[in-house]
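# Analysis of the macromolecular model
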Amino acid sequence: MSFSWNIVTDFRLMWQFEFMRNAFEAGTTIALVAGIIGYFVVLRRSAFATHALGHVGFSGAAGAVLLGVNPVFGLLAFTMSGAAGMAVLGRRAASRDIEIGTVLAFMLGLGLLFLSLYKGFATEAYSILFGEVLGISSASVLFTIEASAVVLVVVVLLYRRLLFASLDEDVAEAKGLPLLALGLVFMVLLAVAISIAVQVIGVLLIFALMVTPAAIAVRLTKSPLGAIAVSVAVAVFSVWLGLFVAFFSASVNPYPPSFFIVTTSFVLYVAVRVAIEVRARFVPRGAVDLHPNPSAGRGSI
Amino acid sequence: MSAASSVQRPHAAGSVPGACSTVIRAEHLEVGFRDKVVWRDARFEIQRGEFVAVIGPNGAGKTTLFRMLLGLHRPLAGSLEVFGSPPRRGNDRIGYVPQRHSVDIDTHIDCESFVRLAVTGTRWGPGLARREEREAAARALGSVGAADLAHKCVGTLSGGELQRVFLAEAMVGNPEMLLLDEPLSNLDLRRSRDLVALVTDLVRSRNVTTLLVAHDINPLIQSLDKVVYIANGRVATGTPDEVLTSESLTALYGVHVEVLHDSRNNVVIVGGEEGLGGEHA
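Residues numbered from 1 in each chain as written. Chains lettered and ligands numbered in written order. Predicted model: local features only at pLDDT ≥ 70, side-chain atom pairs only at ≥ 80, totals over all residues.

### Some remarks on the interface of chain A and chain B
Chain A puts 32 residues into the contact, and the matching count from chain B is 35 residues. Contributions of two or more residues to the side of chain A that touches chain B are made by helix 8 (138–167), helix 9 (169–174) and helix 12 (212–220) of chain A. (Contact = placed C-beta atoms within 7 Å. Helix = DSSP H or I, 4+ residues; strand = E, 2+ residues; numbered from the N terminus.)

### Focus on the domain arrangement of chain B
Residue and element names in this part refer to chain B. Assigned domains of chain B: these are domain 1 (21–93 + 176–281) and domain 2 (102–174). For domain 1 and domain 2, the distance between their C-alpha centres works out to 27 Å. Taken together, the contact between domain 1 and domain 2 spans 9 residues of the former and 7 residues of the latter. (Domains from an automatic or database assignment.)

### Remarks on the nonpolar core
In this structure, A:L190, A:A193, A:A197 and B:V165 are the most contacted members of the largest nonpolar core, which totals 180 residues. If you tally residues by element for this core, the top one is helix 2 (residues 18–43) of chain A, at 15 residues. For A:L190, the contacting residues outside a window of four places in its chain are A:I37, A:V41, A:T50, A:L53 and A:A83. (Core = buried A, V, L, I, M, F, W, Y, C linked by C-beta atoms within 7 Å. Buried ≥ 20, exposed ≤ 12 C-beta atoms within 10 Å, placed from the backbone.)

### As for the sheet that holds strand 1 (residues 22–33) of chain B
All names here are of chain B. Across the sheet, which stays open at both edges, the 3 strands sit in the order 2-1-4 with antiparallel pairing between neighbours. In this open sheet, the two strands that pair with only one neighbour each are strand 2 (36–47) and strand 4 (77–82). On average, each strand axis in the sheet is inclined to that of its neighbour by 20 degrees, with strand direction left out of account. When strand 1 meets strand 2, the two strands line up antiparallel, connected through 8 bridges. (Pairing = 2+ DSSP bridges. Axes fitted to C-alpha atoms, helices over the stretch in contact; angles between N-to-C directions.)

### Focus: the packing of helix 2 of chain A against helix 13 (residues 224–249) of chain A
Residue and element names in this part refer to chain A. Running from N to C, helix 2 and helix 13 cross one another at 150 degrees; their axes reach a closest spacing of 8 Å. Taken together, the axis directions place helix 2 and helix 13 in an arrangement best described as roughly antiparallel. Between helix 2 and helix 13 lies a crossing of right-handed hand. Of the residues in helix 13, those touching helix 2 at M20, A23, F24, G27, T28, A31, L32, A34, G35, I36, G38 and Y39 are A227, I228, S231, V232, V234, A235, V236, V239, L243 and F247. Of the residues that constitute the contact of helix 2 with helix 13, the class distribution is 17 nonpolar, 5 polar and no charged. (Parallel < 35°, antiparallel > 145°, perpendicular 65-115°, else oblique. Left-handed = near helix turned anticlockwise from the far one by under 90°. Nonpolar A, V, L, I, M, F, W, Y, C, P; charged D, E, K, R; others polar.)

### A closer look at the confidence of the model for chain A
Of the residues in chain A, 90% have a pLDDT of 70 or more, and the chain-wide mean is 88. Within the model, pLDDT remains below 50 along residues 288–301 of chain A, and this stretch shows 29 contacts once partners closer than five positions in the same chain are excluded. (pLDDT = per-residue confidence, 0-100.)

### Description of the sheet that holds strand 7 (residues 209–214) of chain B
Residue and element names in this part refer to chain B. Strand order across the open sheet formed by 6 strands is 5-6-7-3-8-9, with mixed pairing between neighbours. At either end of the open sheet lies a strand with only one pairing partner, and these are strand 5 (94–97) and strand 9 (234–238). Going from strand to strand, the sheet's axes swing by 15 degrees on average, the running direction of each strand aside. Where strand 6 (residues 177–181) and strand 7 come together, 5 bridges link them in parallel fashion. Of the residues in strand 7, the one forming a bridge with L179 is L211. Each of strand 3 (51–55), strand 6 and strand 7 touches helix 5 (residues 189–206); the most contacted strand, strand 7, lies at about 155 degrees to it.

Below, the structure written as structure tokens:
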């Protein structure tokens with residue numbers, strides 16, 4: 001496919017193909033959900049739990065492949081039970097990386113066993129681990145949109161309560177918020193988001209859509225709604241640019257879109273960190289409020 | 001604190017100034033967890049507008065007392081009344097500053113949004129910031145002299161600033177009672193004194209009953225009305241002069257304890273647990 005400098009023509013060209021339309025539709029939906037859920041992941045320090053749920057999902061997906069079921073259902077079953085388990089053990093338990101690490105290693109092993117029992121091993125494993133956005137069917141797109149709609153409705157409904165419980169759990173509890181129930185709902189939402197995101201980015205690269213955009217956002221704005229907006233924008237931009245580059249570089253070599261998506265969000269992350277560092281150093285103090293002032297003694301509050 | 005006068009306190013409207021009314025009453029209170037009694041047979045009364053220090057060694061059950069007052073933990077035996085009825089969760093008449101750990105340098109949110117959650121955080125739906133909510137947050141920040149911190153990021157504040165923001169969060173909605181769990185730990189002596197002065201001002205100007213958990217009683221001793229001293233599974237209550245004596249603490253600990261006063265009226269407690277009150281003397 002030949003690339004022109006006219007972006008509109010380029011998108012028209014890409015969208016002539018159904019697989020590209022599917023990729024953009026699913027990718028955009030997932031970026032929207034991942035950007036929003038990712039903000040709460042960063043707020044709740046659940047990044048490692050997110051990573052672990054991806055691994056748990058891997059064995060679920062592999063099990064589903066073995067049974068001849070759509071992998072997304074295996075993903076959902078495993079991530080949701082894993083998420084519920086983490087939530088019931090409590091938020092402090094969910095941040096215990098040793099225990100989570102132990103379980104996720106076992107889960108990866110289990111996934112490997114399932115795949116070795118299945119004959120079509122290599123391609124299936126590859127697409128679960130790294131995503132296969134260009135192979136998403138129209139039916140999967142529809143399912144992705146439906147699942148995302150459910151997640152978004154719940155997040156909108158719970159937004160302020162979730163924010164309060166995530167930022168300030170002791171006060172939220174004293175004010176009567178049910179921390180356990182909120183934690184459980186959040187973890188299940190996270191499980192659904194991960195399960196659908198795996199199609200685009202794969203279990204190993206889930207961070208690029210789930211954590212990196214939100215990590216960029218919280219460094220750019222201090223308001224929660226602003227941060228969510230930036231997080232979504234970064235996630236959507238990463239997916240779009242990744243698909244765009246993959247499409248137009250395919251004539252050279254069929255590069256995996258996941259790579260370009262991950263690279264985009266990573267480059268943005270590094271750029272933002274560097275820009276903040278530079279500003280903090282060269283703009284007089286008082287003008288900058290984005291970067292934490294290391295000299296402000298914080299104690300161990 | 002000049003901003004203090006700008007806040008109306010509807011609850012206080014009917015009360016006679018200076019009149020005593022009991023806001024916390026504990027009778028034969030026994031506290032602990034399933035397998036362990038932390039303290040027992042406690043009796044105390046706290047009157048409206050009193051400034052009370054809750055003192056005792058680590059693990060004595062001071063935070064548990066707060067959790068009971070907030071309705072988050074049930075007594076094993078005895079009775080506890082807050083505002084004349086058993087404690088219940090989500091009581092808007094109580095403002096709470098936990099000894100928290102969930103805020104740190106990676107908490108990227110501005111103070112106004114943070115404090116505003118105390119107003120809106122229990123509501124359903126997304127809710128775009130309404131003017132009254134912003135004003136309530138701004139008023140609360142103003143009441144603790146932290147109006148200038150409104151647009152700063154919580155993660156960048158110093159320990160003293162952070163405690164003021166937490167206090168502002170607790171002051172949202174003009175509570176009648178404040179429960180402050182170790183607000184002075186991690187603060188140096190000067191910041192401790194500033195915060196005590198601020199809390200004392202809130203107590204006196206608004207008649208807010210305040211319980212403050214502390215390790216060291218000395219920064220507080222001038223301002224206190226009462227001390228609740230928890231140690232050795234028991235609780236002693238009274239004015240600082242009644243409780244902080246060699247006799248009373250010896251009786252409480254069951255071993256000989258000496259209370260010494262220096263020339264500036266600082267207290268040093270020798271014996272009992274590890275030199276309570278002696279750290280800053």
